[in-house]
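In case you want the letters, here they are:
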Amino acid sequence: MSIKSKLQRAYVSLMMRIVGRGLAIASRVDSDTAYELKHLPAEMTVAMRVYPNGPCCLLQHTGTYLSYLGVRDSCDADMEIIFKHLQHAWLLYTFQEDTPTAFAHNRIVLDGEVHHATVFNRCLSRLMILILPRLLAKRAVKRYPVIALRDKFSLASAIYLRMPFERTRAAL
C-alpha cells in the first residue's frame, strides 16, 4: 500500500468519523434533520462502507435521533451505502463530487431500501449545508437552500462544539 493510499484511507476514515458524529449531533440539535429522521424505522442501522476492506461508519436510529456507533472494519447494517473503491470515497469526501453524481457514475452502491437512502441523503445534505462554508457546501450538495446566516452559524457551532464530546455508543 502506497503512502498516498494510506493518507487517503486515513482522511476518509477521519471524514467518516466527522460525518457520523455530525449526523448524530444534528439529529438532536436541528429540527429539519430530526423531522427527516422520523421517516426511518426505529433501531435501523446505517453503514457507510468502503470496499474492499476500507473503513465503515455505523449509525443507529433510536426512534428519535441517530446514535454514532463508530468506525469499524466490518459491520452488519439494515442499510449500507458502499463506496466501490477508496478513490471514490476520496472524491466525495474532498467535495470534488456530490452524492447524486457519484450514484450516477456508479461509484456508490446501495444495499437497502431506496426511500430510506433518500431520507438519509437529505440528512447528510443538511449536515453538509450546516457545517461547511457555503463555497464547499455548494460543491457537496445538489441544491444549496436559502438559510439565514444566523441559523447556519448557531447550528454549525452547536454541532462543532459538541463533536469532541460525542461518544461512541454500543448498539441497541
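Description of the structure in this document.

The rules behind these values
- Residues numbered from 1 in each chain as written.
- Predicted model: local features only at pLDDT ≥ 70, side-chain atom pairs only at ≥ 80, totals over all residues.
- Heavy atoms only, no water.
- Helix = DSSP H or I, 4+ residues; strand = E, 2+ residues; numbered from the N terminus.
- Buried < 20%, exposed > 50% of the residue type's maximum accessible area, 1.4 Å probe, protein only.
- Contact = heavy atoms within 4.5 Å.
- Phe/Tyr/Trp six-rings, centres within 6.5 Å; stacked < 30°, edge-to-face > 60°.
- Lys NZ or Arg CZ within 6 Å of the ring centre and 35° of its normal.

With that settled, the discussion passes to the environment of Val 119. Mapped onto the fold, Val 119 is located in helix H5 (residues 114–131). Of the residues examined, Val 119 reaches a relative accessible area of 5% and is grouped as buried. Taking C-alpha positions, Val 119 is 24 Å from Leu 135, a pair spaced 16 residues apart along the chain. Residue contacts for Val 119: discarding those within four places in its chain leaves Glu 36, His 39 and Leu 40.

With that out of the way, let us pick up the packing of aromatic side chains. Taken as a whole, this structure holds two aromatic pairs when the rule is applied. Relative to Trp 90, the ring of Tyr 11 has its centre 5.1 Å away and its plane inclined at 70 degrees; by these criteria the two rings are edge-to-face. Pair noted here: Tyr 11 is in helix H1 (residues 3–29) and Trp 90 is in helix H3 (residues 86–93), with a separation of 79 residues, a long-range link. Assessed through its relative accessible area of 23%, Trp 90 is described here as partly exposed. Seen from their ring centres, Phe 83 and Tyr 93 are 5.8 Å apart, and the 55 degrees between their planes marks the pair as tilted. Pair noted here: Phe 83 is in strand E4 (residues 79–83) and Tyr 93 is in helix H3, with a separation of 10 residues, a long-range link. A relative accessible area of 5% means that Tyr 93 is categorised as buried. Over the aromatic face of Tyr 65 sits the side chain of Arg 28, whose NZ or CZ is 5.5 Å from the ring centroid.

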